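# Reading the structure
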Amino acid sequence: MRTALVRRTVLTASAVSLALLATACGGSDKADAKKDDVKPSAAPSPSAPSAPAVKALTEAELEKAVLADGDVPKHKIRNPEAGDVSAAADVTSDKPECQPLALVGGLAPIGTVSAGVARLGASEPTIAGDPTSSGIMALRLASYEGKGAADAFASLKKAGADCAGGFVVTEKGEKTTIKSVTPATATGGDEVAAWTLVIEEDGETMQSPIVAVRRGATLVTVQSVSFTGKTAVPQDIVDAQLKKLG
């Protein structure tokens, strides 16, 4: 049985191939909003005391700010379905220090968020008729009161440093093995960090970059996956999202 992350990648790629991702993105992500009400099992690490306290964006404001179909050339973007988004309680790591990275993979909230929205997207297939040649991305925007966004970012940064040797994620009963976590390069926002995860699936490995960006009280996380070998950090998605976020 495929893991939740890999299955999500396959289904999203197939949907792009069938042109089913060109749906309206103006509606509210109700499933994601409900998940954000669940307090996560692991609290994020404290951030630097100098982090500014700013007002959180509302769900309506996040809906206007999140990427929509047509915002990124050669990409299709859609709302996730209920099964695409996990509650924090549904995602666990065998190493507690790696829990923040595990939550990103489940599109689950990190820390106590005020509001959150998520989107799934895919680039055009590089091989005609082969949906697995698409690059897949999962995007999440979460807003926090006070220093919550800085705290959540700090917890991700710490996890990236502490989990170089890998970890195992269990999402809704399905396990994903992360073989390694290595630093990567990304730019943008008030704070930014990136990593490349090597995921093992059915004896094979694939790369999956993660980027975390804090802009004020909003935390943006983007994870991309590809079956075609090396996967570049999705800087184009990050840039487009930060531009729209303002």
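Just above, that's the structure.
Residues numbered from 1 in each chain as written. Predicted model: local features only at pLDDT ≥ 70, side-chain atom pairs only at ≥ 80, totals over all residues. Heavy atoms only, no water.

### Quick word on the overall build of the protein chain
Stated precisely, the cut-off is as follows: Where helices and strands are cited, they refer to DSSP runs of H or I of at least four residues and of E of at least two residues respectively, numbered from the N terminus. Summary of the burial criterion: residues with accessible area below 20% of their type's maximum are buried, those above 50% are exposed, and those between are partly exposed, where the area comes from a 1.4 Å probe applied to protein chains only. Contact definition: two residues touch when any of their heavy atoms are within 4.5 Å.
The helix and strand tally for the protein chain stands at 6 helices and 9 strands. In the protein chain, which comprises 246 residues, the share counted as buried stands at 53%. Of all intrachain contacts in the protein chain linking residues separated by at least 6 positions in sequence, the fraction that spans at least 24 positions is 67%.

### Examining helix α5 (residues 148-162)
The cut-off we apply is this: What a helix should span is 1.5 Å times the count of its residues minus one.
Compared with an ideal rise of 1.5 Å per residue, which puts 15 residues at 21 Å, α5 spans 21 Å between its outermost C-alpha atoms and is within 8% of the ideal. Packing partners of the buried residues in α5 comprise α4 (99-105), β6 (174-184), β7 (191-201), β8 (204-215) and β9 (218-225).

### Quick word on the pairing of β7
Quick note on the threshold: Note: two strands are recorded as paired if DSSP finds a minimum of 2 bridges between them.
Here 7 bridges tie β6 to β7, and the two strands are oriented antiparallel to one another. Of the residues in β7, the one forming a bridge with Thr-182 is Thr-196. The hairpin formed by β6 and β7 contains 6 residues between the paired strands, and Gly-188 there has a positive phi angle of roughly 125 degrees. Here β7 pairs with β8 via 11 bridges, running antiparallel. Paired with Thr-196 across the bridge in β8 is Pro-209. Linking two consecutive strands that pair antiparallel, namely β7 and β8, is a turn of 2 residues; a positive phi of about 55 degrees is found at Asp-202 within it.

### Things to note about the environment of Val-91
By secondary structure assignment, the location of Val-91 is in strand β2 (residues 91-93). With 81 residues separating them along the chain, Val-91 and Lys-172 place their C-alpha atoms 6.7 Å apart. Once you skip the residues sitting within four places of it in the chain, Val-91 turns out to touch Ser-86, Gln-99, Ala-102, Leu-103, Gly-106, Ala-108, Val-169, Thr-170 and Glu-171.

### Concerning the pattern of salt bridges
Keep this limit in mind: Any Lys or Arg side-chain nitrogen found within 4 Å of a carboxyl oxygen on Asp or Glu counts as a salt bridge.
Using the criterion set out here, one finds 6 salt bridges in the structure. Asp-190 is the salt-bridge partner of Arg-214, the closest N and O atoms lying 3.8 Å from each other. Pair noted here: Arg-214 is in strand β8 and Asp-190 is in the loop between β6 and β7, with a separation of 24 residues, a long-range link. Residue classification places Asp-190 among the partly exposed residues on the basis of a relative accessible area of 49%. Via salt bridges that share partners, Asp-190, Glu-191 and Arg-214 belong to a single interconnected network.

### Digging into the sheet that holds strand β5 (residues 167-171)
Threshold: Fitting a line to C-alpha atoms yields each axis, with helices limited to the stretch in contact; the angle taken between N-to-C directions then spans 0 to 180 degrees.
Pairing in this open sheet of 9 strands is antiparallel, and the strands run β1-β3-β4-β9-β8-β7-β6-β5-β2 from one edge to the other. Edge positions in the sheet fall to β1 (75-78) and β2, since each of these pairs with one other strand and no more. Here the strands of the sheet are splayed against their neighbours by 25 degrees on average, with no regard to which way each runs. Its contacts with the sheet place α5 against β6, β7, β8 and β9, and it is angled at close to 45 degrees to β7.

### Some points on helix α6 (residues 235-245)
Those residues of α6 lying buried are Gln-235, Ile-237, Val-238, Ala-240, Gln-241, Leu-242 and Leu-245. Where the residues of α6 are buried, they touch α3 (59-65), β1, β4 (136-143), β8 and β9.

### Structural notes on the environment of Ala-161
Inspection of the secondary structure assignment puts Ala-161 in helix α5. Its relative accessible area of 59% is what places Ala-161 among the exposed residues. Considering only alpha carbons, one finds Ala-161 and Cys-98, 63 residues apart in sequence, at a separation of 9.4 Å.

### Focus: the nonpolar core
Condition: As used here, the term nonpolar core means buried Ala, Val, Leu, Ile, Met, Phe, Trp, Tyr and Cys residues forming a set that is joined through side-chain atoms within 4.5 Å.
Among the nonpolar cores identified, the biggest contains 31 residues, and Leu-101, Tyr-144, Leu-156, Phe-167, Val-181 and Trp-195 are the most heavily contacted of them. The set of elements that each furnish at least two residues to this core consists of α4, α5, β5, β6, β7, β8 and β9. For this core, the leading source of residues is α5, giving 5 residues. In this view, Leu-156 contacts Pro-100, Leu-101, Val-104, Ile-110, Trp-195, Ala-212, Leu-219 and Thr-221; residues no more than four positions away in its chain are not counted. The next biggest cluster of nonpolar side chains, apart from the first, holds 23 residues, and it includes Leu-67, Val-72, Ile-77 and Leu-141.

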